[in-house]
Amino acid sequence: MPTVSVKRDLLFQALGRTYTDEEFDELCFEFGLELDEITSEKEIISKEQGNVKAAGASDVVLYKIDVPANRYDLLCLEGLVRGLQVFKERIKAPVYKRVMPDGKIQKLIITEETAKIRPFAVAAVLRNIKFTKDRYDSFIELQEKLHQNICRKRALVAIGTHDLDTLSGPFTYTAKRPSDIKFKPLNKTKEYTACELMNIYKTDNHLKHYLHIIENKPLYPVIYDSNGVVLSMPPIINGDHSRITVNTRNIFIECTGTDFTKAKIVLDIIVTMFSEYCENQFTVEAAEVVFPNGKSSTFPELAYRKEMVRADLINKKVGIRETPENLAKLLTRMYLKSEVIGDGNQIEIEIPPTRADIIHACDIVEDAAIAYGYNNIQMTLPKTYTIANQFPLNKLTELLRYDMAAAGFTEVLTFALCSQEDIADKLGLDISATKAVHISNPKTAEFQVARTTLLPGLLKTIAANRKMPLPLKLFEISDIVIKDSNTDVGAKNYRHLCAVYYNKNPGFEIIHGLLDRIMQLLDVPPGEDKGGYVIKASEGPAFFPGRCAEIFARGQSVGKLGVLHPDVITKFELTMPCSSLEINIGPFL
Amino acid sequence: MADGPVAELLLRRLEASDGGLDSAELAAELGMEHQAVVGAVKSLQALGEIIEAELRSTKRWELTAEGEEIAREGSHEARVFRSIPPEGLAQSELMRLPSGKVGFSKAMSNKWIRVDKSAADGPRVFRVVDSMEDEVQRRLQLVQGGQAEKLGEKERSELRKRKLLAEVGSWRDRPFKPYNFLAHGVLPDSGHLHPLLKVRSQFRQIFLEMGFTEMPTYNFIESSFWNFDALFQPQQHPARDQHDTFFLRDPAEALQLPMDYVQRVKRTHSQGGYGSQGYKYTWKLDEARKNLLRTHTTSASARALYRLAQKKPFTPVKYFSIDRVFRNETLDATHLAEFHQIEGVVADHGLTLGHLMGVLREFFTKLGITQLRFKPAYNPYTEPSMEVFSYHQGLKKWVEVGNSGVFRPEMLLPMGLPENVSVIAWGLSLERPTMIKYGINNIRDLVGHKVNLQMVYDSPLCRLDAEPRPPPTQEAA
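None of the values given here were measured: they were computed from a predicted structure.

Asks: Before we go on, may I ask you to explain the interface of chain B and chain A in this structure?
Replies: Often the size quoted for an interface is simply the accessible area lost on bringing the parts together. Each partner contributes residues to the interface: chain B has 105 residues there, and chain A has 98 residues. Taking both sides of the interface into account, the surface hidden between chain B and chain A amounts to around 8,700 Å²; carbon and sulfur atoms contribute 57%. Taking the shortest distance from any N to any O, the salt bridge between Arg200 of chain B and Glu398 of chain A comes out at 3.6 Å. Seen at the junction of chain B and chain A, the total is 57 residue pairs in polar contact (both at pLDDT 80 or more). No other element matches the 8 residues that helix H15 (residues 353-366) of chain B contributes to the side of chain B that touches chain A.

Next comes the structure, spelled out in structure tokens:
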């Protein structure tokens, strides 16, 4: 969930009233936000870097507010205030307008070279905007929030904002060889080629995360003005020439990306949020984008869509009984201007360009429920009549767990993910022999594979508990995973029961006795006959020679028991002998 | 500590003696309680290898009242023998004698007497031998004379069986050192269940009590399709990022997907349908095929609902599951790469948000949580969505205890579920309520191989609706 940081006093000023922290927390809760933290710049720096560094920092109170991940319209102070004011019926939702310029329309021409790397671009102009330091900071911060969220860290969309008065259109969005791109980037004093920049930014804590998006591509995306000035090299960096400042009056905004829908949403959000500060409030100047095929469109779309939802559907889905008029009023409070039309049961809802999250009637139903107040909804029990069943394997597991404890063994709970070493090297096996599934992106060795046996987890538990009195008698009943091309995903779980006995003596007879007890519990008699169980001398790299047996039950091999090999004991950092038993309980269902 | 004077005396006597001392004799000699000497022995033993002591027990025997009588007058069988004159005695008359019944059978088995059943006036008893030795009387007289040790174990036990001899049971009247009732008892050797899994059992129980059927969750490996696409989670969603999800290198891709259904899912994502605008992006089959470690058990719920949708006509269901899920997250005190997810699902005609809240209220009441409130939230696959908060008395604030919602039509309709069927669902982690309940701050103290087994040994029964133990008072930092 994105967190938006706003200055409390600025927020209250914009809301036209003050709140206590508790009152504001309550308001957030009701609206689906969360007042996550009350802090200040000073407090943040002091927490992260110590009191000394924080000395000169501002102690203006900051509210950190968690915003639902699909509400891009609430990612800045301007949007939060607008949303809350409409919710509290203090203002009417503004209507956003796209206008044609008095003079020539700004043009962004896309060349076909972009097709392979970053094919989409949209643009718009904010005219006669009036920034203050706070507004400017918010404008920059909103771009950052959008980049981190809907833009998927600039991979899907990247935003560039420019001082239009320093540029001259039409603009060209093209792609060039990195060595052919040369410009002075933001916050640098001289020109670099794109190749040089990519190198420089490898050590830049902020920008290094975006380099991979274009790094290995033969051509890099770049936007020029008609004089060959570089506006930006998306999604990495803007040019210094067209940088915006607090004093910038006219802003050219371009969004490039690999997802056209999202690029349009991002542009809509930026212009709807900040057109508030334009001379003609909530009015945005259109820009024309010319596609490689010669066709062109104007942006921002700022589309208003109408949806029709029946009042009784909303009532039925929420479990309330409100009149259509009241429902329309509730929805209007959620920034969805609504009115009752037709037969008096039909509600027409206008979805503004800020609410790209509304894609289905169920989204409208939710907003009606939020405005009604979740906690005002009458709780009722559904009349759904059903008979409960346990999943047979889990039922057997539960029964066995209790009787394993009754047999004096203690249950442990170990991880399903582990290192290759745990399931292979340490048990004297080659990893290829384990048929383990492998994880492609583990952050550490602990998450390389899914376990193919429960034994390593039990042995690691003993290693962490060497100070406990002996003997240690442990068990676990849980799943392991084996590759299996007969399943839809190519892997399959097996429910295993594993037990270990760790003491000054190997205690094979103890583990063997436990097997006998388990078989007694499972009603499997001793003996070779089909229904019975028997153990037969066997061998395995994890076991001491001559001290390993394979367990056959109901006509199939179900596992092994034996005294562990000293190498295994040592590799798991243990010092005493240990015997173990591991069976698949699936065949006993 | 050795209690000074007696222990010292004991050591001096031991030094002087050859071959040890008898504590009872020593006590008698010193004119003190035997218990005091024993006490001194025990204290000295506790100090280590200072003295050697061995426990000797002596048993004393005494005659029962019947035994006394026999020692005086002879055994019942002897008395029977003696009462038979040379011409014999009618058996009926013999039986009337005080020792008749017992004495007759014993004398018969000793072959001292015989019965003539053909006698004219009924069975008649005759002597077989002229004389006999009354062994029983002799043995009892030995015991009486303080020479019980002259009898063998077998002979003694025979007399005991006949209730003629008894061990001197004098401890009934002896004084004993008082017990220290403040001391702890000796814990029984036992096995133990893991605390988190005890909580799991209780959650299963609650669902079963509420009539919910357990879903199979027997597959840690899942395709992106079932884990994300089927839930209408778009392919560019951040949860599908390498930073959040464990993807598989081998087997990297799912081998089979239900292609008809896949087509409907694809269309819903990329173009919309079923009343939805869709996400309007290029949906890729390759992305859906990518295998991963399931990030939630909702993937299992999706499979269960898909199976349900294939069964016509639709029947309402209540499902639950509790199993492991995996996240490639940054680990900290409350987050591990794997944890257990609890999920409840109800599918029926005309379910409302009020129904969801009603079911949640009943569910949480069974957990002992009665103060609930609901916050609007966003989940990719539920709409409306609500986070469940409960007031925590200890922390004095509202804490999130679960997440819930109504599954989106874009998820349900492509499966083939009827349009007027709603599916409400909620989920929570198993670890979080367990940590809150038992006041555990670090998840590693609860799960995984590094837990302290003593914690497992000591953990109490899990009774979720019982008042929790007050949290331990904070120690000063």
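Asks: Would you take a moment to explain the domain arrangement of chain A for this structure?
Replies: Taken as a whole, chain A is organised into domain 1 (3-73), domain 2 (97-299), domain 3 (305-369) and domain 4 (392-588). The distance between the C-alpha centroids of domain 3 of chain A and domain 4 of chain A comes to 58 Å.

Asks: Quick question: what am I supposed to make of the UniProt feature "domain: B5" (unreviewed entry) in chain A here?
Replies: The UniProt record annotates "domain: B5" (unreviewed entry) at residues 302-379 of chain A. Between the first and last C-alpha atoms of residues 302-379 of chain A the distance is 39 Å; the span itself is 38% helix and 22% strand.

Asks: Would you explain the packing of helix H1 (residues 8-15) of chain A against helix H5 (residues 77-87) of chain A in this entry?
Replies: Think of two packed helices as two axes; the pair is described by the angle between the axes and how far apart they sit. Residues and elements named next belong to chain A. In the contact formed by H1 and H5, the axes pass within 10 Å of each other and the chain directions differ by 40°. By the criterion of interaxial angle, the relationship of H1 to H5 is oblique. In this structure, H1 meets H5 at a crossing whose hand is right-handed. Along the contact surface, H1 presents Leu10, Leu11, Ala14 and Leu15, while H5 presents Leu77, Val81, Leu84 and Gln85. Per-class residue counts for the contact of H1 with H5 are 7 nonpolar, 1 polar and no charged.

Asks: Teacher, can you tell me more about the pairing of strand S12 (residues 372-376) of chain B here?
Replies: For a regular strand, side chains alternate in direction, first toward one face of the sheet and then toward the other. Residue and element names in this part refer to chain B. Burial of S12 is extensive: 5 of the 5 residues sit out of reach of the surface. Neither face of S12 is exposed, since Leu372, Phe374 and Pro376 on one face and Arg373 and Lys375 on the opposite face are all buried. Looking at chain direction, S12 and strand S13 (residues 382-392) are connected through 5 bridges and run antiparallel. Bridged to Lys375 within S13 is Glu387.

Quick notes on the rules
Residues numbered from 1 in each chain as written. Chains lettered and ligands numbered in written order. Predicted model: local features only at pLDDT ≥ 70, side-chain atom pairs only at ≥ 80, totals over all residues. Heavy atoms only, no water. Contact = heavy atoms within 4.5 Å. Buried area = accessible area lost by both parts, 1.4 Å probe. Salt bridge = Lys/Arg side-chain N within 4 Å of Asp/Glu carboxyl O. Polar contact = N/O pair within 3.5 Å; in protein donor to acceptor, adjacent residues only side chain to side chain. Helix = DSSP H or I, 4+ residues; strand = E, 2+ residues; numbered from the N terminus. Domains from an automatic or database assignment. UniProt positions renumbered as here; feature names shortened; annotations may be inferred. Axes fitted to C-alpha atoms, helices over the stretch in contact; angles between N-to-C directions. Parallel < 35°, antiparallel > 145°, perpendicular 65-115°, else oblique. Left-handed = near helix turned anticlockwise from the far one by under 90°. Nonpolar A, V, L, I, M, F, W, Y, C, P; charged D, E, K, R; others polar. Buried < 20%, exposed > 50% of the residue type's maximum accessible area, 1.4 Å probe, protein only. Pairing = 2+ DSSP bridges.

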